Every structure is written in C-alpha cells, then in structure tokens.
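One-letter residues, chain by chain:
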Amino acid sequence: MVHNIATAAQMQALGERLGAVLFVGAVVLVNGGLGAGKTTFAQGVARGLGVTGLVTSPTFALVNEYPEARVAFRHADVYRLGHPDELISAGIAERIGADGAWLVEWAERFGAAWPDGRLEVRIEGAGQGRRVCFVATDARHQALLRTLA
Ligand SMILES: Nc1ncnc2c1ncn2[C@@H]1O[C@H](COP(=O)(O)OP(=O)(O)O)[C@@H](O)[C@H]1O
Ligand SMILES: [Mg+2]
C-alpha cells in the first residue's frame, strides 16, 4: 500500500492513524534515508498511542520508552549500532515483538534480526513530498493496513 504525503504534518497524521490501532507485540520497521521523515512519522505514532509529551529522535539513546501510552511505546533508532549483537546488549532483541509496541528506525541495517511478524514502512522522496510504502508480513499487521486504507 502506497501513500503520497505532501507535508510533515501529513506524515504525522498518517503515523497517528497507525498509532491509534497498534497492539501489544506490534513491530513497525521504518526505513528511508537521513531526513526522510522516519522520526516525524514516529511522532505521529506516539500521539496516536496517547503520548502527549515531546517525542524526539532516539539516535543517541537508542531506545526512547513511553510506558504511559495506551500500549507501552518503544521507539528505537539503530543507525549507530555496528553489530547485530548490540541489539541484545541494548535490550532490543529480547523485547521486540512481545513487550509493548515497537517502532525501529533504520531497521534495514539489521535485516535478519527482526521478528517474522511485522509492518515494514519505507519512506522515499526528497524536497517536500514523500511516498510511504507499507508491507505487512502477517495477519495481525495486515489488519493495521486495512485501517489505514
Ligand atoms: N512530506 C514530509 N514528510 C515528512 N517530513 C517532511 C516532509 N516534508 C518535509 N519534511 C521535513 O523533513 C524532516 C524529516 O526529519 P526526520 O523525521 O527527523 O527524518 P529521519 O528520522 O528520517 O531522519 C523534518 O524536518 C520534516 O519537517
Ligand atoms: Mg530519525
């Protein structure tokens, strides 16, 4: 499924619609280059999950956690990780897919590391416009896409 997104506000609105329907165990893998809008999308997801505070990039923290959300939200950015083993030491590998709802920026850096059931999000485009492509790999995540259609 492809969405054409004209502005950052529209990107947040798309994320918000997804966040409103995320479930415990949801895995959202977001790919796209620097400045594509991954964090902008994640900010909307957080809002859709009921997070009211500031949502900033986890580039340095690796994982920002919002336990107050409707479903506990875990927002990761693995750009700075060098080796898949660091997903274990960062506490990501054993929790993703089970504990709360996860969104991972730069997931493609560790393509083999993620749970089989997930929603893949790819953001493309420069300047203002973006194309956002969604692929779901199991029934639970496909159901998310039906609500975005
Ligand atoms: N259509 C759009 N969708 C998303 N972001 C956009 C769009 N147009 C402009 N932007 C801007 O691009 C930047 C994206 O930054 P960010 O979300 O941090 O990207 P990433 O996390 O992918 O590196 C923001 O400054 C945002 O305002
Ligand atoms: Mg980012």
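Structure's up top.
Computed from a predicted model, the values in this text were never measured in an experiment.

## Some details on the site of ligand 1
- Around ligand 1 lies a shell of 16 residues, among which G35, K38, T39, T40 and Q128 are the nearest.
- For ligand 1, an oxygen atom lies 2.8 Å from a polar atom in the backbone of T39.
- Contact between ligand 1 and Q128: a nitrogen atom at 2.6 Å from a main-chain N or O atom of the residue.
- For ligand 1, the accessible surface in isolation is 570 Å², of which the surrounding protein chains cover 73%.
- Mapped onto the shell around ligand 1, the elements with two or more residues apiece are α1 (8–19) and α2 (38–48).
- Within the shell around ligand 1, the residues separate by chemical class into 6 nonpolar, 7 polar and 3 charged.

## Examining the nonpolar core
- Grouped together as the largest cluster of nonpolar side chains are 32 residues, with contacts concentrated most on L18, L22, F41, V121 and F134.
- Mapped onto this core, the elements with two or more residues apiece are α1, β2 (27–31), α2, β5 (101–105), β6 (119–124), β7 (130–136) and α4 (139–148).
- By residue number, the principal contributor to this core is α2, which donates 4 residues.
- The next biggest cluster of nonpolar side chains, apart from the first, holds 16 residues, and it includes L29, W102, V104 and W114.

## Some words on the coordination of the magnesium ion (ligand 2)
- Distances from the magnesium ion (ligand 2) to its protein donors, T39 (OG1) and E105 (OE), fall within 2.1 to 2.2 Å. With a gap of 66 residues between them, T39 in helix α2 and E105 in strand β5 connect regions that are remote in the sequence. The pair T39 / E105 is uniform in exposure class, with both members buried.

## Things to note about the environment of G25
- Locating G25 in the fold gives a position in the loop between α1 and β2.
- Residue class for G25 comes out buried when judged on its relative accessible area of 7%.
- Counting along the chain gives 71 residues from G25 to I96, while the straight-line C-alpha distance between them is 7.1 Å.
- Residue contacts for G25: discarding those within four places in its chain leaves G97, A98, G100 and H141.

About the criteria used
Residues numbered from 1 in each chain as written. Chains lettered and ligands numbered in written order. Predicted model: local features only at pLDDT ≥ 70, side-chain atom pairs only at ≥ 80, totals over all residues. Heavy atoms only, no water. Near = heavy atom within 4 Å. Polar contact = N/O pair within 3.5 Å; in protein donor to acceptor, adjacent residues only side chain to side chain. Areas by Shrake-Rupley, 256 points an atom, 1.4 Å probe, with all protein chains shown as cover. Helix = DSSP H or I, 4+ residues; strand = E, 2+ residues; numbered from the N terminus. Nonpolar A, V, L, I, M, F, W, Y, C, P; charged D, E, K, R; others polar. Core = buried A, V, L, I, M, F, W, Y, C linked by side-chain atoms within 4.5 Å. Buried < 20%, exposed > 50% of the residue type's maximum accessible area, 1.4 Å probe, protein only. Donors = N, O, S within 2.8 Å, 3.2 Å for Na, K, Ca; no water. Contact = heavy atoms within 4.5 Å.

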